[in-house]
Amino acid sequence: MQQTGSVPNNIILIGFMGCGKSTVGRELHRLLGYPLVDMDALIEERAGMPITRIFADDGETKFRDMESSLLEELAQARQSGHIIATGGGVVGRPQNRELLQRLGYVVWLCAPASVILNRTRNSGERPLLLTEDPATRIHKLLAEREPWYAETAHLKVDTAGLSSREIAAGILESARYFFADPTQCKQR
Ligand code: S3P
């Protein structure tokens, strides 16, 4: 994909848990051949333990610090031509939102709360949803985070009812327009 100006031609996927960031990231990787950086997977690999253990042993703040420093590292590397799949809470810190925008084309994958609940129901891998009432937790976190996703993203895609192939194809087409003229910025 052509890169113009100062925006690196990375595609960054943000959005709530269960909205398909990793799956769509893999599909974009397949279509474009760009390396995929899955931030959660990389954090787990470096820590040598799953995210649930990081949360349980060291607390959420420790995980957020690891997430923020990985993002900083990615921004400092000044690489182009990567797909970056983030964790759902990465937008919580203002400096992260700024870094995400500087990294490239930011795509917000979203879905209704009911779809998120269904998709995450049996995973057991998301510490924030390991609660007696995941539906209430999802609504609360969504309300808090939606303004952050909206503020950060160049494009919003509702993933409900679409295959990852359809979503990836749509993102690619929009990304081509964006990289041809990044100044047009918001497409939503
Ligand atoms: C989190 C989302 C998770 C993971 C961690 C925290 C969140 O990633 O980073 O459990 O705060 O929403 P996914 O969005 O890939 O599930």
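Attention in this report is confined to the structure presented alongside it.

Reading guide: rules and limits
Position numbers for residues count from 1 along each chain, tracking the sequence in the order it is written. Local features in a predicted model are, by the rule used here, given only for residues with pLDDT of at least 70; side-chain atom pairs are given and counted only at 80 or more, and totals for whole chains, interfaces and linings are based on all residues. Side-chain descriptors were evaluated using all non-hydrogen atoms of the structure, hydrogens and water having been removed beforehand. Helix and strand definitions here come from DSSP, where helices need a minimum of 4 consecutive H or I residues and strands a minimum of 2 consecutive E residues; each element is numbered from the N-terminal end. We take the radius of gyration over the C-alpha atoms and set the globule estimate at 2.2 Å times the residue count to the 0.38 power. Any two residues having at least one pair of non-hydrogen atoms within 4.5 Å are treated as being in contact. All accessible areas in this document rest on Shrake-Rupley with a 1.4 Å probe, and a residue is counted as covered only by the protein chains that are shown. Positive charges come from Lys and Arg alone, negative charges from Asp and Glu alone, with His and the N- and C-terminal ends not counted. Taken as the charge centre is NZ of Lys, CZ of Arg, CG of Asp or CD of Glu, depending on the residue. Here, any two strands with at least 2 DSSP bridges between them count as paired. Note on definitions: angles span 0 to 180 degrees between N-to-C directions of axes, and those axes are lines fitted to C-alpha atoms, for helices only across the stretch in contact. Two aromatic rings, drawn from Phe, Tyr or Trp (for Trp, its six-membered ring), form a pair once their centres lie within 6.5 Å of each other, and the interplanar angle then sorts them: stacked below 30 degrees, edge-to-face above 60, tilted otherwise. We call a residue buried when its accessible area falls under 20% of the maximum for its residue type, exposed when it is over 50%, and partly exposed in between, using a 1.4 Å probe and counting protein chains only.

What follows covers the overall build of the protein chain. Looking only at helices and strands, one finds eight helices and five strands in the protein chain. From first element to last, N terminus to C terminus, the protein chain shows the α and β order β-α-β-α-α-α-β-α-β-α-α-β-α. A globule of 188 residues ought to have a C-alpha radius of gyration of about 16 Å, and the protein chain, at 16 Å, matches this closely. Principal axes of the C-alpha set define a box for the protein chain whose edges measure 45 × 35 × 30 Å. Once local pairs closer than 6 in sequence are excluded, the contacts in the protein chain between residues at least 24 apart make up 78%. When the accessible surface of the protein chain is totalled, it reaches about 9300 Å², and 48% of it is carbon and sulfur. With 22 positive and 23 negative side-chain charges, the protein chain shows a spacing of 2 Å between the two charge centroids.

All right, on to the sheet that holds strand E2 (residues 36-38) then. The strand order across the open sheet formed by five strands is E2-E3-E1-E4-E5, and the pairing between neighbours is parallel. The open sheet terminates on both sides in strands that have one partner only, identified here as E2 and strand E5 (155-158). Each neighbouring strand pair of the sheet contributes to a mean axis angle of 20°, computed without reference to strand direction. Sheet topology places strand E1 (residues 10-14) next to strand E3 (residues 83-85); three bridges connect them, and they run parallel. Bridge pairing in E3 links Ile12 to Ile84. Packing against the sheet, helix H5 (residues 94-103) makes contact with E1, E3 and strand E4 (104-110), and its axis sits at approximately 115° to E4.

A separate point is the packing of aromatic side chains. For the structure shown, the criterion picks out five aromatic pairs. Here the aromatic rings of Phe178 and Phe179 are separated by 5.2 Å at their centres, their planes lie at 75°, and the arrangement is edge-to-face. Taken as a pair, Phe178 and Phe179 share a single burial class, namely buried. Taken together, the ring pairs connect Tyr105, Phe178 and Phe179 into an aromatic cluster.

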